[in-house]
Amino acid sequence: FNLEQISPDKYRKDRLFVNPENPRIWLSAGQIFARDSNGIEQLTLQGERLLDSAMTSHGDSIVESPVVIEGYWKGENDAEQLIRSRGRAILVRRYLQYHFQLDASHVGFVAMKNLPPYGLDHATWDGVCVVILAPKT
């Protein structure tokens, strides 16, 4: 898969990514992010622990299957939503990639602004969702 050329709207409609068989780990911004003294959002130690726990609960699938980090931001401005949701996804991607030694080609991210894919029990979101893509059968 290649997430470099996919828009959030196309991602939301792609059956590969919105497959209900894909395990999803929804983490709210308040659970995993905090601003540093310069006002820059960072992943917290608590956030790292939550990610560790959530990822290890999925066993070998985290290293055997592609992973996508969906970033979300509940701001009012579209441009800010895009920038901030992208930043969140990048922070989580970077952490997971290095902490779990994941192959960079198997870890993607997409800035979703504040709108998750349809049919996933979240009309809007503020945080991240880690998606482990189900193997093709």
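Provided above is the structure to which this section pertains.
A few points on the structure. This one's a predicted model, so the numbers in the text were calculated from it and none came from an experiment.

1. Some words on the overall build of the protein chain
(1) Moving on: Per the secondary structure count, the protein chain includes 6 helices and 6 strands.
(2) Moving on: Seen in sequence order, the protein chain has helices and strands lined up from the N terminus as α-α-β-α-β-β-α-α-β-α-β-β.
(3) Moving on: Taking 137 residues into account, the globule formula puts the C-alpha radius of gyration at 14 Å, and the protein chain, at 14 Å, falls close to it.
(4) Moving on: Counting only C-alpha atoms and orienting by the principal axes, one finds that the protein chain spans roughly 45 × 30 × 25 Å.
(5) Moving on: A burial count over the protein chain gives 43% of its 137 residues as buried.
(6) Moving on: Here the analysis covers contacts within the protein chain between residues at least 6 apart in sequence; of these, 73% occur between residues at least 24 apart.
(7) Moving on: Summed over its atoms, the accessible surface of the protein chain is roughly 7,800 Å², and 49% of this surface lies on carbon and sulfur atoms.

2. Things to note about the sheet that holds strand 4 (residues 67–72)
(1) Moving on: A sheet is described by the order of its strands in space; here 4 strands give the open sequence 1-6-4-5, paired in mixed fashion. Here the strands that pair on one side only, and so sit at the sheet edges, are strand 1 (24–28) and strand 5 (107–111). Here the strands of the sheet are splayed against their neighbours by 15 degrees on average, with no regard to which way each runs.
(2) Moving on: By the bridge criterion, 6 bridges tie strand 4 to strand 6 (residues 127–132) in an arrangement that is antiparallel. Note that in strand 6 the partner of Gly 71 across the bridge is Val 128.

3. Quick notes on the nonpolar core
(1) Moving on: In terms of nonpolar packing, the biggest core is built from 23 residues, with Phe 33, Leu 51, Ile 69, Val 92, Leu 96 and Val 130 touching the most fellow members.
(2) Moving on: Of all the secondary-structure elements, those providing two or more residues to this core are strand 1, helix 3 (29–32), helix 4 (45–56), strand 4, helix 6 (78–99) and strand 6.
(3) Moving on: With 5 residues, helix 6 is the single largest residue contributor to this core.
(4) Moving on: Apart from residues no more than four positions distant in its own chain, Leu 96 is found in contact with Leu 51, Met 55, Ile 69, Gln 101, Leu 102 and Val 130.
(5) Moving on: By size, the runner-up hydrophobic cluster in this structure holds 11 residues, among which are Ile 6, Val 68, Cys 129 and Leu 133.

4. What about the environment of Arg 15?
(1) Moving on: Topologically, Arg 15 is positioned in helix 2 (residues 15–18).
(2) Moving on: As for Arg 15 and Ile 62, which are separated by 47 residues in sequence, their C-alpha atoms are 20 Å apart.

5. Thoughts on the packing of aromatic side chains
(1) Moving on: By the definition in use, this model includes 3 aromatic pairs.
(2) Moving on: Arranged with centres 4.5 Å apart and planes meeting at 20 degrees, the rings of Tyr 11 and Phe 17 form a pair that is stacked. Across the pair, exposure class does not vary: Tyr 11 and Phe 17 are buried alike.
(3) Moving on: One aromatic cluster in this structure is built from Trp 26, Tyr 72 and Trp 125.
(4) Moving on: The ring of Trp 73 is capped by Arg 84, whose NZ or CZ atom sits 5.0 Å from the centre of that ring.

About the thresholds
- Residues numbered from 1 in each chain as written.
- Predicted model: local features only at pLDDT ≥ 70, side-chain atom pairs only at ≥ 80, totals over all residues.
- Heavy atoms only, no water.
- Helix = DSSP H or I, 4+ residues; strand = E, 2+ residues; numbered from the N terminus.
- Rg over C-alpha atoms; globule rule 2.2 N^0.38 Å.
- Buried < 20%, exposed > 50% of the residue type's maximum accessible area, 1.4 Å probe, protein only.
- Contact = heavy atoms within 4.5 Å.
- Areas by Shrake-Rupley, 256 points an atom, 1.4 Å probe, with all protein chains shown as cover.
- Pairing = 2+ DSSP bridges.
- Axes fitted to C-alpha atoms, helices over the stretch in contact; angles between N-to-C directions.
- Core = buried A, V, L, I, M, F, W, Y, C linked by side-chain atoms within 4.5 Å.
- Phe/Tyr/Trp six-rings, centres within 6.5 Å; stacked < 30°, edge-to-face > 60°.
- Lys NZ or Arg CZ within 6 Å of the ring centre and 35° of its normal.

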